[in-house]
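Chain and residue survey
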Amino acid sequence: MLVVKVGGSAGIDLAAVCDDVARHVLAGTRLILVHGGSHETNVVAEKLGVPPRFVTSVSGFQSRYTDRATLEIFEMVYCGKTNKAIVEMLQARGVNALGLSGLDGALLTGVRKGTLKVIEGGKRKLLRGDFTGKVERVNVALLDLLLAHGYTPVVTPPALSYEGEAMNVDGDRAAAVIAQQMKAECLVILSNVPGLLRDVHDEGSLIRTIPAAAVEDYMGVAQGRMRMKVLGASEAIAGGVGAVLFADARVPQPLTRALAGQGTKIA
Ligand code: ADP
């Protein structure tokens, strides 16, 4: 069982990812694909006149403030455009892909935050009306049912809160929870960088291996959104996933290369 997360940043070659996913699925690998779409969401939000508002939490994580209007744009892009584009590409490659958001069949459920504690202009602030949260439960039975019948699930945020509301969740951490609860041997996180870099501006500074016990020490190396990936990785490893790979999605055969050890391996 393999869980593959592909990001939505500039430069990612989704067609190459789908080629490679299809190759593995058609060879018999049980695989769940999780995707993002944050870059495209920003583009569409700007066009619709709802520019993204980024906030920094008191613990230093950057995230997007998600009011209801933003959540709806997010759903249009993730569940609509991006999810269907991936499903189409996989179908064209002979894979019976089935797109699902975390809402469908209560696939991903968890706690909604509602308020965000943020730092703005050096001051602490409470922002209300936020539709973000954290995935805690995965509908494993639904994924098993689909996989057993030959479907390849293509999963995207949002998730469902315990109160039944849609909420934006981090795709990397959602993939980590899916990998844990599906007892995946491996979680592969594909993005527009070769892996975890010591220096984000130097692609030659790739960190090749991180022992599982030391993963928290690497939190300081990652900046911005990469921190969520390292956090997700440490959660996945703590939850029993055998290995987490960070690898490049701008190259041909990104999954095969990742599995062959070309990115960062945490194990
Ligand atoms: P995706 O949309 O693919 O999930 P993100 O944009 O969320 O990707 O995260 C990947 C980005 O994280 C990279 O493009 C890079 O700019 C940034 N980043 C920050 N610190 C690091 C680091 N130490 N190593 C690699 N990437 C990093």
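Read on for an overview of the structure.

Conventions adopted
Residues numbered from 1 in each chain as written. Predicted model: local features only at pLDDT ≥ 70, side-chain atom pairs only at ≥ 80, totals over all residues. Heavy atoms only, no water. Helix = DSSP H or I, 4+ residues; strand = E, 2+ residues; numbered from the N terminus. Buried < 20%, exposed > 50% of the residue type's maximum accessible area, 1.4 Å probe, protein only. Contact = heavy atoms within 4.5 Å. Polar contact = N/O pair within 3.5 Å; in protein donor to acceptor, adjacent residues only side chain to side chain. Phe/Tyr/Trp six-rings, centres within 6.5 Å; stacked < 30°, edge-to-face > 60°. Lys NZ or Arg CZ within 6 Å of the ring centre and 35° of its normal. Pairing = 2+ DSSP bridges. Axes fitted to C-alpha atoms, helices over the stretch in contact; angles between N-to-C directions. Disulfide = S-S within 2.5 Å.

**With respect to the environment of Gln-181**
Residue position: Gln-181 is located in helix α5 (residues 171–181). Given a relative accessible area of 28%, Gln-181 falls into the partly exposed group. Expressed as a C-alpha distance, the spacing of Gln-181 and Val-138, which sit 43 residues apart in the sequence, is 6.7 Å. Contacts of Gln-181, omitting those with residues within four sequence positions, involve Glu-136, Arg-137, Val-138 and Val-140. A polar contact of 3.0 Å, which involves the side chain of Gln-181, links it to the backbone nitrogen of Val-138.

**What about the packing of aromatic side chains?**
Scanning all chains against the criterion turns up 1 aromatic pair. Just above the ring of Tyr-65 sits the side chain of Arg-53; from NZ or CZ to the centre is 5.3 Å. Of note, Arg-112 hangs over the ring of Phe-131, and the distance from its end group to the ring centre comes to 4.0 Å.

**Remarks on the sheet that holds strand β8 (residues 152–156)**
Reading across the sheet, the 8 strands line up as β5-β8-β2-β1-β11-β13-β14-β12 and stay open at both edges, with mixed pairing between neighbours. Bordering the open sheet on either side are β5 (97–101) and β12 (209–210), each of which pairs with just one other strand. Against the sheet, helix α1 (residues 14–26) contacts β1 (2–6), β2 (31–35), β8 and β11 (186–191), and its axis sits at roughly 165° relative to β2. Running at roughly 165° to β5, helix α3 (residues 68–92) makes contact with β2, β5 and β8 of the sheet.

**Some remarks on the side chain of Ser-234**
With respect to the helices and strands, Ser-234 occurs in helix α6 (residues 226–238). On the basis of relative accessible area, Ser-234 is assigned to the buried category, the value being 11%. Contact partners of Ser-234, with chain neighbours within four places excluded, come to Val-215 and Glu-216.

**Digging into the side chain of Ser-161**
By the element assignment, Ser-161 lies in strand β9 (residues 159–161). Those residues in contact with Ser-161 that lie beyond four places of it in its chain are Gly-110, Arg-112 and Met-167.

**Observations concerning the state of the cysteines**
Linking two cysteines covalently through their sulfur atoms gives a disulfide. Applying the stated rule across the entire model yields 0 disulfides. Cys-18 forms no disulfide, and the closest cysteine sulfur to it belongs to Cys-79, at a distance of 17 Å. Exposure remark for Cys-18: the relative accessible area of 1% places this residue in the buried category. For Cys-79, a relative accessible area of 22% puts it in the partly exposed group.

None of the figures reported here should be taken as evidence of function without further support.
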